[in-house]
Amino acid sequence: MKNLINFILRFLVKIALHGYFRKIIVTGKKNIPSGVPVILVANHQNALIDPLLLATHTKLNPWFLTRAAVFKNPFAAKILHLIRMLPVYRVRDGFSTIQQNQKTFEATYEVLKKNGAVIIFAEGSHSVVRNVRTLSKGFTRMAFGLKEKYPACEPVILPVALEYSAHKHSGSLVRITFGKAIPVDMPASKSGLLTKTVEKTLKSMVVEIPDEHYEENLNSILEAGVDVTSKEAVDTFLKEGIVTKEVSDPSGVKNKLMKIFNFPLYWIWLWISPKIQDRVFESTFKFLIGFFLGPIWFLMLFLLALSSPLGSWALAFLIMSFITILWNKSPQE
């Protein structure tokens, strides 16, 4: 029953993600292995959106690790477990809680033992900064812990790059790139080498804008119309000043029309927005508003169209609400 519910949720979320984003480009799917334990190591730029994209755009049906703070509510914990989330405790959660991570690792071993998949965002936190931060050792501990407990298992690390043309806005472009799997074919004493190998691989896949003069370089990239989700295009521009393929920013008219024809959802966002402390969660909240409340808004318009004096107007409004969502495009940022 849990698997069926999870399948339905993933299907609905995938449809919603393709409505929320203008386009989702997936490359390197041939690199996704099968029949082996897979640990996906990805960069982390967009809060809950990152795991949702990976959970719905691979054939692996993965579990993923997330910060333990969101599991504090017992009901929320059950829901999160249902959608294949496991808690990770950090020092900021209290030093005494770190020991609870062992239970999480034991749970991942059982998933991986069955040739399952686990996603870990090894940077340890999310950030909209376009580069790869130093990776933590959690994924190496997971890999070598699995091999120690189940010596017959041969896990691989699958590096994944996530890029957004505009992290905080709907109607943006997403690029998901799966790299070649990295075998864990070294002794545990070489865990540091594995960490460096994976970090180097991720850096070769993710758009890297150096921390030095970061804002200046980012502004130059955006002003020149470089595709900010393309590592090749960004690297070429930063090294040679050449724009290989110019991306034109859309006008704001389509976005404004979407807000007009879906105004109740937009008003809810305006009410929630000031309460968000971490702005990286902006896209997450926007998506969740659309996912949970969007169907109610559409159903209300549909019912008005069927049995109201305003039927023709409600039908027109319903059609335009759908069209403007599909039309919506956001400029790069």
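Quick note: structure is the one above.
Residues numbered from 1 in each chain as written. Predicted model: local features only at pLDDT ≥ 70, side-chain atom pairs only at ≥ 80, totals over all residues. Heavy atoms only, no water.

K.L.:
Explain helix α1 (residues 2-20) to me, please; I cannot follow it from the model alone.
P.N.:
The α-helix advances 3.6 residues per turn, and as a result positions three or four apart in sequence lie on the same side. The end-to-end C-alpha separation of α1 is 26 Å, in line with the 27 Å expected for 19 residues at 1.5 Å each. Regarding α1, the residues found buried are Asn6, Arg10, Val13, Ala16, Leu17 and Tyr20. An end-on view of α1 places all buried positions within 135° of arc, on one side of the element. (Helix = DSSP H or I, 4+ residues; strand = E, 2+ residues; numbered from the N terminus. Expected span 1.5 Å × (residues − 1). Buried < 20%, exposed > 50% of the residue type's maximum accessible area, 1.4 Å probe, protein only. Arc of directions from axis to C-beta.)

K.L.:
For this particular structure, what's the right way to read helix α4 (residues 101-113)?
P.N.:
In this model α4 runs 18 Å from its N-terminal to its C-terminal C-alpha over 13 residues, within 8% of the 18 Å that 1.5 Å per residue would give. Turning to α4, the residues buried within the fold contact β2 (38-42), β3 (63-67), β4 (85-88), β5 (117-120) and α5 (138-149). At the C-terminal side of α4, asparagine 115 shows a positive phi close to 60°. (Contact = heavy atoms within 4.5 Å.)

K.L.:
Can you walk me through the pairing of β3 in this structure?
P.N.:
Each regular strand displays side chains that alternate between the two surfaces of the sheet. Two elements, β3 and β5, share two bridges in a ladder whose sense is parallel. Paired with tryptophan 63 across the bridge in β5 is valine 118. Judged from the four bridges that link them, β3 and β4 form a sheet pairing that is parallel. Its bridge partner being in β4, threonine 66 is matched across the sheet by proline 87. (Pairing = 2+ DSSP bridges.)

K.L.:
What's the story with the packing of aromatic side chains in this structure? I'm lost.
P.N.:
Where two aromatic rings form a pair, the distance of their centres and the angle of their planes describe that pair. A complete count under the given rule lists 12 aromatic pairs for this structure. Where phenylalanine 105 meets tyrosine 109, the ring centres are 6.5 Å apart and the plane angle is 40°; that geometry is what we call tilted. Linking phenylalanine 105 with tyrosine 109, this pair stays in helix α4, spanning four residues, or about one helical turn. Side by side, phenylalanine 105 and tyrosine 109 carry an identical accessibility label, which is buried. Relative to phenylalanine 317, the ring of tryptophan 297 lies with its centre 6.2 Å away and its plane at 90°, an arrangement referred to as edge-to-face. Here phenylalanine 317 lies in helix α12 (residues 311-327) and tryptophan 297 lies in helix α11 (residues 282-307), a separation of 20 residues in the sequence. What makes tryptophan 297 buried here is its relative accessible area of 6%. You can call phenylalanine 317 partly exposed: its relative accessible area is 25%. Members of the aromatic cluster, connected to one another through ring pairs, are Tyr20, Phe21, Tyr164, Phe287, Phe291 and Phe292. (Phe/Tyr/Trp six-rings, centres within 6.5 Å; stacked < 30°, edge-to-face > 60°.)

K.L.:
Looking at this model, I keep getting lost on the pattern of salt bridges. Mind explaining?
P.N.:
Note on pairing: side chains with opposite charge can pair once their charged atoms come close. Under the definition given, this model contains eight salt bridges. In this structure, the salt-bridge partner of arginine 175 is aspartate 227, at a minimum N-O distance of 2.8 Å. Of this pair, arginine 175 sits in strand β7 (residues 173-178) while aspartate 227 is found in the loop between α7 (214-224) and α8 (231-240), placing the two residues 52 residues apart along the sequence. The pair formed by arginine 175 and aspartate 227 is uniform in burial state, with each residue classed as buried. Ionic pairing is found between glutamate 282 and arginine 279, a salt bridge with its closest N-O pair at 2.8 Å. (Salt bridge = Lys/Arg side-chain N within 4 Å of Asp/Glu carboxyl O.)

K.L.:
Where do I start with unusual backbone geometry in this structure?
P.N.:
Only a minority of non-glycine residues have a phi that is not negative, and only a minority of peptide bonds are not trans. Backbone geometry places alanine 47, a non-glycine residue, at a positive phi of 45°. By relative accessible area, alanine 47 is classed as buried at 5%. The residue asparagine 61 is not glycine, and still its phi comes out positive at about 50°. Turning to its location among the elements, asparagine 61 is positioned in the loop between α2 (49-56) and β3.

K.L.:
I tried to follow the layout of surface pockets on my own but got confused; where do I start?
P.N.:
Here the idea is plain: a probe the size of a water molecule rolls over the atoms and shows the empty space left. Its volume calculated, the second largest pocket comes out at about 970 Å³. Around the second largest pocket, the lining comprises 32 residues; the ones closest to its centre are Gly19, Tyr20, Lys286, Gly290 and Ile325. Contributing elements (two or more residues each) for the lining of the second largest pocket: α1, α9 (253-261), α10 (263-272), α11 and α12. Residues that form the lining of the second largest pocket fall into these classes: 18 nonpolar, 11 polar and three charged. (1 Å grid on protein atoms, 1.4 Å probe; cavity = no way out; pocket = protein on both sides within 12 Å on 5 of 7 lines; lining within 4 Å. Points joined across faces, edges and corners; volume = space filled by probe spheres on them. Nonpolar A, V, L, I, M, F, W, Y, C, P; charged D, E, K, R; others polar.)

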